[in-house]
Amino acid sequence: MTELNGSPAGPEALRALALTNYGHFTTLTAEDGAVRGLDLHLARLARDCRVLFDAPLDLGRVRAWARRAVPATGRCTVRITVFDPSLHLGTIGADADPGVLVTSRPAPAAVPEPLRVRSAVYLRDLPEVKGVGLFGVLRLRRRARRSGFDDVLFTDGYATVLEGGTWNVGVVRDGRVVWPAGPALAGTARELLRRAGAGTDARVTLPQLAACEAVFATNAAVGVVPVTRVDDLEFPADHPVVTALAERYASLPAERL
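Quick caveat: nothing in here was measured; it's all calculated off a predicted structure.

Colleague: Looking at this model, I keep getting lost on the nonpolar core. Mind explaining?
Modeller: Buried together is how nonpolar side chains tend to be arranged in soluble globular proteins. Of all hydrophobic cores here, the largest spans 25 residues; its most connected members are Phe53, Leu57, Val62, Val78, Ile80, Val82 and Val100. If you list the elements that add at least two residues to this core, you get β3 (24–31), α2 (38–53), α3 (59–67), β5 (75–83) and β6 (99–106). Top element by residues in this core is α2. It accounts for six residues. Beyond its immediate sequence surroundings of up to four residues, Ile80 is in contact with His24, Phe25, Thr26, Leu28, Leu45, Val62, Ala66, Val100 and Leu101. Counting 18 residues, the second-largest nonpolar core is a separate cluster that includes Val169, Ala217, Val227 and Phe235.

Colleague: Which parts of the structure should I look at to understand the pairing of strand β14 (residues 223–230)?
Modeller: Side-chain positions along a regular strand alternate between the two faces of the sheet. Most of β14 is tucked away, with seven of its eight residues classed as buried. Taken together, the three bridges between strand β7 (residues 115–121) and β14 define a ladder with parallel strand orientation. Bridge pairing in β14 places Val117 opposite Val230. Note that strand β13 (residues 214–219) and β14 share five bridges and pair antiparallel. By the bridge assignment, Val215 is partnered in β14 with Val227. The antiparallel pairing of β13 with β14 creates a hairpin that spans three residues between the two strands. Where β14 lies against strand β15 (residues 233–234), two bridges are found, and the strand directions are antiparallel.

Colleague: Before we go on, may I ask you to explain the sheet that holds β5 in this structure?
Modeller: Think of a sheet as strands paired side by side through backbone hydrogen bonds, with each pair either parallel or antiparallel. On the basis of which strands lie adjacent, the open sheet formed by seven strands has the order β2-β1-β6-β5-β3-β4-β16 and antiparallel pairing. The sheet is open, and its two edges are formed by β2 (7–8) and β16 (255–256), each paired on a single side. In this sheet, β2 lies alongside strand β1 (residues 2–4) in antiparallel orientation, the contact comprising two bridges. Bridge pairing in β2 links Leu4 to Ser7. Seen against the sheet, helix α1 (residues 11–19) touches β1, β5 and β6 and runs at an angle of roughly 80 degrees to β5. In the packing of α3 onto the sheet, the strands contacted are β5, β6 and β16, and the crossing angle to β6 comes to about 30 degrees.

Colleague: Help me out: how do you make sense of the pairing of β7 in this one?
Modeller: Bridging between β7 and strand β8 (residues 151–155) involves five bridges; their strand directions are parallel. Residue Ser119 lies in a different strand from β8, and its bridge partner there is Leu153. Between the parallel elements β7 and β8, the chain passes through helix α4 (residues 135–146) in a crossover that is right-handed.

Colleague: How do you make sense of the packing of α2 against helix α5 (residues 188–195) when you look at a structure like this?
Modeller: Two quantities define a packed helix pair, namely the angle between the helix axes and the distance between the axes. Two numbers describe how α2 lies on α5: the axes approach to 10 Å, and their chain directions differ by 125 degrees. What the angle tells us is that α2 and α5 run oblique. You can see that α2 and α5 cross each other, and the crossing is right-handed. Taken together, the residues of α5 that come into contact with α2 (itself represented by Asp39, Leu40, His41 and Arg44) are Thr188, Glu191, Leu192 and Arg195.

Definitions and cut-offs
- Residues numbered from 1 in each chain as written.
- Predicted model: local features only at pLDDT ≥ 70, side-chain atom pairs only at ≥ 80, totals over all residues.
- Heavy atoms only, no water.
- Core = buried A, V, L, I, M, F, W, Y, C linked by side-chain atoms within 4.5 Å.
- Buried < 20%, exposed > 50% of the residue type's maximum accessible area, 1.4 Å probe, protein only.
- Helix = DSSP H or I, 4+ residues; strand = E, 2+ residues; numbered from the N terminus.
- Contact = heavy atoms within 4.5 Å.
- Pairing = 2+ DSSP bridges.
- Axes fitted to C-alpha atoms, helices over the stretch in contact; angles between N-to-C directions.
- Right-handed = clockwise from strand over helix to strand, strands pointing away.
- Parallel < 35°, antiparallel > 145°, perpendicular 65-115°, else oblique.
- Left-handed = near helix turned anticlockwise from the far one by under 90°.

Spelled out as structure tokens, the structure:
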């Protein structure tokens, strides 16, 4: 399904995404018509719309359009992208009238494999916004995969651990969950776990990972996934704290879309 403002999206409407690529999005997983952290997804869309377009977003309409993409039973992944088809390089300073593009696809049923990641110095442009411009992320992910890793872990110039390519990172230190502090997107899975009382924030550096017991990734599409390798460091795939955290996330209630 691909709809813009509740109607089929034609090529002209999508041209701005291909050529200008200015906008923001959120990706949610629906199970039997319900979504974990739906309020966080909607709040993100409204907040990012004001940041990028200086415009409000009708969340009631967004919710209704997204509902059309979700089957009553089963799992699917829905991406909600907000952009203005009339904005291009020459009109980028004009008042915006953002549209809402809704796309959906079946969600993978298999449990994701643990991740092996390679670190890279990279700070996303406006990291608190989930922007559609993914060139830097995809370039580094491609380099990581072609070097035998699954994904990339971003750090700043002082080796501070920040976030993964499309996921938040957490560590287990002294038996406790720690969320690395620094400029990063506040993912809905991480925020739900923090809301449930899991973990504290603290600066974590690459050298400090050697003293950590486990590393994991969080993402709305997959929940909690162990990270078994960071550069040359190895970590267990079945650490009990990470396993319990994954079970905790899976038990969190979902809201009907």
